[in-house]
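One-letter residues, chain by chain:
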Amino acid sequence: MASSVSPTPLLKDELDIVIPTIRNLDFLEMWRPFFQPYHLIIVQDGDPSKKINVPEGFDYELYNRNDINRILGPKASCISFKDSACRCFGYMVSKKKYIYTIDDDCFVAKDPSGKEINALQQHIKNLLSPSTPYFFNTLYDPYAEGADFVRGYPFSLREGAPTAVSHGLWLNIPDYDAPTQLVKPRERNTRYVDAVLTIPKGTLFPMCGMNLAFDRELIGPAMYFGLMGDGQPIGRYDDMWAGWCTKVICDHLGLGVKTGLPYIWHSKASNPFVNLKKEYKGIFWQEELIPFFQSVSLPKDCTSVQKCYIELSKQVKEKLGKVDDYFNKLADAMVTWIEAWDELNPSAAKSEAALPNGPAK
Ligand SMILES: O=c1ccn([C@@H]2O[C@H](COP(=O)(O)OP(=O)(O)O[C@H]3O[C@@H](CO)[C@H](O)[C@H]3O)[C@@H](O)[C@H]2O)c(=O)[nH]1
Ligand SMILES: [Mn+2]
């Protein structure tokens, strides 16, 4: 039987919540019932002299730009400034097995019955149950209560693959790109789709960083949110870049990526004109980036996330450096990120991915 009815463990000592912010964190009041047991890692972006108020009763550590520069020294150059991409610093300094990252304009959503959604609990459920990247289950998540593998699903594949990423969605303000926001300024997402899907092996997806959880030990070093914001020619492609790198590495290492439940309520539409300026180059660059990631092949001796990521950075430099010099800088920053990661996580740096590479190709 694929589904299990045991209660979802809290994992309160195994999971950190990472929040990038330029605002006060009053949104936490609404999440208190779900987030209070957890340790928060707050990455304060922008002016480090600004005081960020954290509501009473939360256990947290807060890092501003001065802290990032102090901790990483010259390697701080790989952490974006004045962009939510800075959140990946929180992934690096965490010591926990799991990460949940959420934006400070995301609130508790309600399901169609009116019940408040504990997004964190659903992400934990998603991460603790296997994925099915090698064969699509038409009844969606076979490990969910009340579901299973359907007839014709090979029994040899029903053990599934370890889940590395749980990608949640958003009610109200959808994560649209600027052109779509401009054309449909009043569109709101009111559709609650009660499904969790594994993204099939060999398929990329647009990963949004607003409501995202992942197994830091399985895939953490791939979750670099790139060079965005101040001094960079592009923004709002931080999570996209991380998602494309993560997916090709998950496919290579035999790990799964899920998308769907849980929903959060995204309350604030960012300015579409500001977003257009940030996204502009990305909108045509991605027509070259996607074929690149679709054609990425990682050698068999890339048996750890770090080795995969370094190999990927070489291919980025070789194949995307000619698209724009930005990708030469990004490829170098990818290496700096891994160096910084391994410096802050020395024990993990030595561990190899002890995971099957999925069924023989
Ligand atoms: O310079 C900044 C701007 C914002 N933040 C913090 O990042 C998140 C997201 O900010 P916001 O909600 O204003 O922006 P969105 O357009 O909704 O962000 C989504 O789009 C993508 C941006 O790359 C990403 O998937 C989502 O984050 C908030 O917590 C801000 O406080 C920041 O740190 N620095
Ligand atoms: Mn937002």
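The coordinates are above.
So, here is what we can say about the structure in this document.

Basis of the calculations
- Residues numbered from 1 in each chain as written.
- Chains lettered and ligands numbered in written order.
- Predicted model: local features only at pLDDT ≥ 70, side-chain atom pairs only at ≥ 80, totals over all residues.
- Heavy atoms only, no water.
- Helix = DSSP H or I, 4+ residues; strand = E, 2+ residues; numbered from the N terminus.
- Rg over C-alpha atoms; globule rule 2.2 N^0.38 Å.
- Buried < 20%, exposed > 50% of the residue type's maximum accessible area, 1.4 Å probe, protein only.
- Contact = heavy atoms within 4.5 Å.
- Areas by Shrake-Rupley, 256 points an atom, 1.4 Å probe, with all protein chains shown as cover.
- Near = heavy atom within 4 Å.
- Polar contact = N/O pair within 3.5 Å; in protein donor to acceptor, adjacent residues only side chain to side chain.
- Core = buried A, V, L, I, M, F, W, Y, C linked by side-chain atoms within 4.5 Å.
- Patch = residues over 30% accessible without salt bridge, like charges linked within 9 Å, V, L, I, M, F, W, Y side chains within 5 Å.
- Salt bridge = Lys/Arg side-chain N within 4 Å of Asp/Glu carboxyl O.
- Phe/Tyr/Trp six-rings, centres within 6.5 Å; stacked < 30°, edge-to-face > 60°.
- Donors = N, O, S within 2.8 Å, 3.2 Å for Na, K, Ca; no water.

### Focus on the overall build of the protein
Looking only at helices and strands, the protein features 11 helices and 9 strands. In terms of overall dimensions, the protein is globule-like: its C-alpha atoms have a radius of gyration of 20 Å, near the 21 Å expected for 361 residues. For the protein, the spread of C-alpha atoms along the principal axes amounts to about 55 × 50 × 45 Å. Per-residue burial for the protein yields a buried fraction of 54% across its 361 residues. If you take every contact in the protein between residues at least 6 apart in sequence, the share linking residues at least 24 apart comes to 76%. Accessible surface, the protein as shown: approximately 16,000 Å² in total, 55% of it carbon and sulfur.

### Topic: the site of ligand 1
Inspection of the region around ligand 1 gives 21 residues, with Asp-103, Arg-236, Asp-238, Asp-239 and Ser-270 positioned closest. A distance of 3.3 Å separates an oxygen atom of ligand 1 from a polar backbone atom of Lys-82. The separation between an oxygen atom of ligand 1 and a polar side-chain atom of Asp-103 is 2.5 Å. Computed on the free molecule, ligand 1 has an accessible area of 660 Å², of which 90% lies beneath the protein chains in the complex. Mapped by element, the contributors of at least two residues to the shell around ligand 1 are strand 1 (15–21) and helix 7 (238–253).

### Regarding the nonpolar core
Note on soluble globular proteins: their nonpolar side chains tend to be buried together. Of all hydrophobic cores here, the largest spans 70 residues; its most connected members are Ile-219, Tyr-224, Trp-241, Ile-249, Phe-293, Tyr-309 and Trp-337. For this core, the element with the most residues is helix 10 (residues 326–344), which contributes 11 residues. Aside from chain neighbours lying at most four places away, what touches Ile-249 is Ile-219, Ala-222, Leu-298, Val-305, Cys-308, Tyr-309 and Leu-312. Core analysis: the second largest hydrophobic core is formed by 37 residues, Leu-28, Phe-58, Leu-171 and Ala-213 among them.

### Looking at a nonpolar patch on the surface
Together, Leu-182, Val-183, Phe-273, Leu-276 and Ile-283 give the surface a local cluster of nonpolar side chains, amounting to about 440 Å² of exposed area. Take the nonpolar patch: its biggest share by element is 3 residues, from helix 8 (residues 272–295). For Val-183, the location among the structural elements is in helix 5 (residues 178–183).

### Quick notes on the packing of aromatic side chains
Taken as a whole and judged by the stated rule, the model has 22 aromatic pairs. Aromatic pair Phe-135 and Tyr-153: ring centres 4.9 Å apart, planes at 80 degrees, arrangement edge-to-face. Residue Phe-135 is located in the loop between helix 4 (119–128) and strand 6 (163–172), and its partner Tyr-153 is located in the loop between helix 4 and strand 6; the two are separated by 18 residues in the primary sequence. A relative accessible area of 35% means that Phe-135 is categorised as partly exposed. Taking relative accessible area as the criterion, Tyr-153 reaches 3% and is therefore assigned buried. Each ring, one from Tyr-326 and one from Phe-327, has its centre 5.2 Å from the other, and the planes form 75 degrees; the classification is edge-to-face.

### Here's the deal with the coordination of the manganese ion (ligand 2)
Protein-derived coordination of the manganese ion (ligand 2) comes from Asp-105 (OD) and His-266 (NE2), at a distance range of 2.0 to 2.2 Å. With Asp-105 in the loop between strand 4 (98–102) and strand 5 (106–108) and His-266 in strand 9 (residues 256–266), this residue pair connects regions lying 161 residues apart in the sequence. Summarising the burial analysis for this pair, Asp-105 and His-266 share the class buried.

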